[in-house]
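# Summary of structural features
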Amino acid sequence: MKILRIRLKNLNSLKGEHCVDLTAEPLASAGLFAITGSMGAGKSTLLDAITLALYGKAARYGNESNPEHVMSRHTGECSAEVEFEVPSGKYRAVWERHRSRKKPDGALQQPKRYIYDQAGEPLAQQIREAELKIEELLGLNYDRFLRSVLLAQGEFARFLKAKADERAELLESLTGTEIYSRIGQLAFAEANRRENDLKAKEAGLGQIAIQADAARTELEAAVKQGDEERVRLEKEMASGSEMVGKIASLEGARVKEKDASAEQTKITKDTQAAAIDLERLRRHRLTLPFAEDLARLQAAESAMESATKKKKKAEENHAAAKTALLKTNHLLRLSIAAALETQRQRAAKAGVTVQKETKVAGDAHAWLDEHKHDAVLADQLGDLVAAIADLKSGRTSLASDWSYWRPIASQILPTDAQALPKNLETTKEAELQAALDEFLGKAGKREEALEVEVKDAEKELALRKDHLEKAKLIAKLEDHRHDLKSGEPCPLCGALEHPYAQGAAPSTAIAELQAEVTKASAKLERVMEAKRTLSDSVKDLAEERGNLITGVRKCDAWLKTLERLLQPLAAKAPAPGKEDALRTELRERELGYRNHVKAEDDATKRKAEAERAAKAAGEEAANLEKKIGRLGILPADLESEPVADGDLPSVADAEQAYSSAVLEEKTTGVQAVDRRVDLQAALEQLGAVRKPLEASVAGSEFKVLDHLREARIDDDAAKKIGALESGLKQRTTAAEALLKQARKDITTLLDQKVLEGAAAESFKGRQIQLKKDGEMLLEAQTTRRNQIKTDDTNRRLRQEKEKELGEDRTSLVVWMRLRELIGSHDGSKFRRYAQAISLDILTRHANRHLAKLSDRYRVCRDEQEALNLQIEDLHQAGVRRPMSSLSGGESFLASLALALGLSDLAGRTVRIDSLFIDEGFGSLDPETLEVAIAALESLRQNHKTVGVISHVGLLKERISTQIVVEKMAGGVSRIRVIPEEPAP
């Protein structure tokens, strides 16, 4: 896993947008770089950005997801982005968070996370999706990432000198082996739980009660006897139920007889109370034969009343229409007079306009005669502008190509490049072709010379590597001598005596040979890079040669075309850079000519329009005078309100109003005559209907027409009284039928000797008692059967529980054995065993790095105390002593080795190519610091990039490639990358 780029925005003190590109120089070629800055500047914010983008957590906030306080003050949004590379490809992880509307005072919103592939396609757009995808791509969860990529070196300084119990806790946090403590605790807790459960089940088994066999037999006999008694009671109740039903029927018939008699009495009273309404209904029914004649009479009366109202309304409308006609006539006269005055003014104004536009057209025509040569611009301006644009584009393109070609040439062959033309404007095509061919030939010879240098450098590197490999072979034998024990055979030669076991073997100058290899490798890289640069440059120049030749040829052709087009205009071709000025001048000349042509045409048109307007105004005035003559004479006594000129309607509107008024007066006059005729017809129709009806009523019970009308009632009242009458009849019929049926039922039941009175009550009491006895017997039987069912359930449950207890006792034996082996209440038993193994693995990885830092020490585990660490001094005959005896610098080297070892351990299934070490270099003397830095730089051979976070001044001087976090005003910091100094 390799980190390529880090981008962040508004995180802590790093306000604004920042980018650290580890693929760009000088960081790309630096195996070791420092992240420096004063305390609180924001160095560790870079690490926060990495973990936020990848895992949504800031390194300094532990396991807190999406911390709220990482956003810079007075900002509304923040983000972190990391581009990284793994074996499956390159990816980009993004974390974003903002406030409402992205305002600094808005409410904090939920964060968002995204994962993109190299093509920019989204792989995950939800937080949970992103978490799973990152672990899948990196092969590391958050804790393993912190232990393998972000190394908090200060944790290991505490780890070295801690006590055994404290070291156990630190080892758990550093290696992520907390699971062993939890397993030990779970084993202990599970065994205890199962043991307590077994005791509880045994106690619960005794709580399950079952009946004795004798009691069970007695209960079953009682159930059988109760069933027999219940059959007897049911038979006796069935035999008496028929008589109980007849007694109830006789009692019901007596009640019905009494109710029917009472209803007949009530019907008589209700009939007397409704006598008046019933009489009204009778008289109303007598009027029904006259209903049709009464309806015709009412219609005739309504028609006469309507005709009277319509006659009055028509006469009023006719009078109003006459008044309106006179007013509209007067208003039309005023409108025509005003319009006549307006037309006369228009004719005078149009005459003035004709004189003015005649002068304007003459002036424009005179200017056009003076500038006749610009007339061709109307047709040729497009061609001229295109020719100028072609010439400018060609010159610009040629200058751009030459500004690209000549610097590259000056870079690869500075001396020969001086002979090339400075500017191609005055250079002929043949001259340029010869100069370019000559230069490319010299570049080819230089390329051949570099090829020879590459081969020589490859031979030298192969020779240096051969020397180094042979020296390493000897060194490997020396590294294993300290493991030999007297009396035990050597695994290589089988000898029992080991004279060099204590480190007395001669040493090999591996460091010097390694330096020679590094120097030879660097030389080969420089020469190959120079050759690649020259080859790429020569290839680019050769490809661009044709474009330069073609550009010179095209520029010459475009210049000649433009000169030909400019000749009729007496203008010259522009110098380089003056093309836009010429184009502007030509456009202004064309625009000026076009404007004067337009001015002449517009003035001529306006003159013609004014002449037409004067003629139309005269004709319109003559028409208006004729209209006034056609209007009739108004009455002398007509009174009308004065009307201002602004309130007068148009002549057309006034004419329309006058025409409407004439039509309205005629229409309302005809309507008034018609309404008078309608009224006379209505009076005649009323008499024709009334006289026959009065003659018919005289021979009836009512005698006169008014009494007939008084006897009629509305339909709703008639229906209501009719319903009352019908109801009384129905009630009378029903009461008579009920009384008759009740007396018949009583006679029938008495003939059957049905009991009445005290005898009936005594018989019903006996039946009730039998029913109660049956219910009590049923309740007792239910209780007995429930007792039997409960006993059956308890017997079956007891058998099941006894079987479960047997299985639990067998399982408990296994868990008690597991508790004995690894269980404890705090998990310490299994933890110490597992951590001893983890500590062995960690020290093995750490010693591999410590050998590069110092050939004197090895970290080893105390054979007496599993979690105690000791330091083995190889310069003192392998003597072992406590970690507390190490000096500050020695402790740092040991803790650094442990940190690098943990990175190897945590990333054992993943290749880690980017490491960040936070602080810890302040205790080193210059010599030890050199050793530590050299060891970190050696990690570059494994393609690792190491970033060291520190504010130690000596470290800043020693590591030239730095990411500097500088404090600015207002608590804000910025990031600068300081390049490496050039090699001497």
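Position labels on residues start from 1 in each chain and follow its written sequence. At least 70 in pLDDT is required for a residue's local features to be given in this predicted model, at least 80 for side-chain atom pairs to be given and counted, and no such filter applies to totals for whole chains, interfaces and linings, which use all residues. Calculation of side-chain values draws on the structure's entire complement of heavy atoms; hydrogens and water are dropped beforehand.

### Observations concerning the packing of aromatic side chains
To keep it simple, the criterion reads: Pairs were defined over the aromatic rings of Phe, Tyr and Trp, the Trp ring being its six-membered one, requiring ring centres within 6.5 Å. Orientation was assigned from the angle between planes: stacked under 30 degrees, edge-to-face over 60, tilted for the rest.
Counting across every chain of the model gives five aromatic pairs. Each residue in the set Tyr55, Tyr142 and Phe145 is aromatic and connected to the rest through ring pairs, giving one cluster.

### Some points on the nonpolar core
To keep things clear, this is the line we draw: Here, nonpolar core means buried Ala, Val, Leu, Ile, Met, Phe, Trp, Tyr and Cys residues that are tied together by side-chain atoms lying within 4.5 Å of each other. The classification of residues rests on relative accessible area computed with a 1.4 Å probe and restricted to protein chains. Under 20% of the type maximum is buried, over 50% is exposed, and intermediate values are partly exposed.
By size, the foremost hydrophobic cluster in this structure holds 79 residues, and its most contacted members are Leu11, Ile50, Leu54, Phe84, Leu138, Phe145 and Phe916. Counting 24 residues, the second largest nonpolar core, distinct from the first, contains Leu424, Ala435, Leu440 and Ala443.

### Description of the packing of helix α9 (residues 291–370) against helix α15 (residues 651–698)
The relative placement of two packed helices comes down to the angle between their axes together with the axis-to-axis distance. Where we set the bar: Note on definitions: angles span 0 to 180 degrees between N-to-C directions of axes, and those axes are lines fitted to C-alpha atoms, for helices only across the stretch in contact. The secondary structure listing takes helices from DSSP runs of H or I that are at least 4 residues long and strands from runs of E that are at least 2 residues long, numbered from the N terminus. When describing relative orientation, an angle under 35 degrees is termed roughly parallel and one over 145 degrees roughly antiparallel, while 65 to 115 degrees is termed roughly perpendicular and anything else oblique. Take the far helix as the reference: if the near one is turned anticlockwise from it by less than a right angle, the crossing is left-handed, and if turned clockwise, right-handed. Basically, the charged four are Asp, Glu, Lys and Arg, the nonpolar ten are Ala, Val, Leu, Ile, Met, Phe, Trp, Tyr, Cys and Pro, and anything else, Gly included, counts as polar.
Look at α9 against α15: their axes get within 6 Å of each other, and the N-to-C directions meet at 165°. Classified by the angle their axes make, α9 and α15 are roughly antiparallel. α9 and α15 meet at a crossing whose hand is left-handed. Of the residues belonging to the contact of α9 with α15, the class tally is 26 nonpolar, 10 polar and 14 charged.

### Quick look at the sheet that holds strand β4 (residues 77–86)
Spelled out, the test is: Pairing between two strands requires that DSSP report at least two bridges joining them.
Reading across from one edge, β2-β1-β4-β5-β6-β7 is the order of the six strands in this open sheet, with antiparallel pairing throughout. The outermost strands of the open sheet, each flanked by one partner alone, are β2 (14–21) and β7 (122–124). Pairs of neighbouring strands in the sheet enclose a mean axial angle of 20°, with direction left out of account. Where β4 lies against strand β5 (residues 89–98), 10 bridges are found, and the strand directions are antiparallel.

### Let's talk about the sheet that holds strand β10 (residues 869–873)
Quick note on the threshold: Contacts were defined at the residue level, with two residues in contact if any of their heavy atoms lie within 4.5 Å.
Ordered in space as β9-β10-β11, the three strands form an open sheet in which the pairing is antiparallel. The open sheet is flanked by β9 (857–861) and β11 (879–882), the only strands paired with a single partner. Ignoring which end each strand starts from, the neighbouring axes of this sheet average 35° apart. Bridge count for β9 against β10 is five bridges, and the pairing is antiparallel. Counterpart to Arg858 in the pairing with β10 is Glu872. Running over the sheet, helix α19 (residues 828–853) touches β9 and β10 and is turned about 175° from β9.

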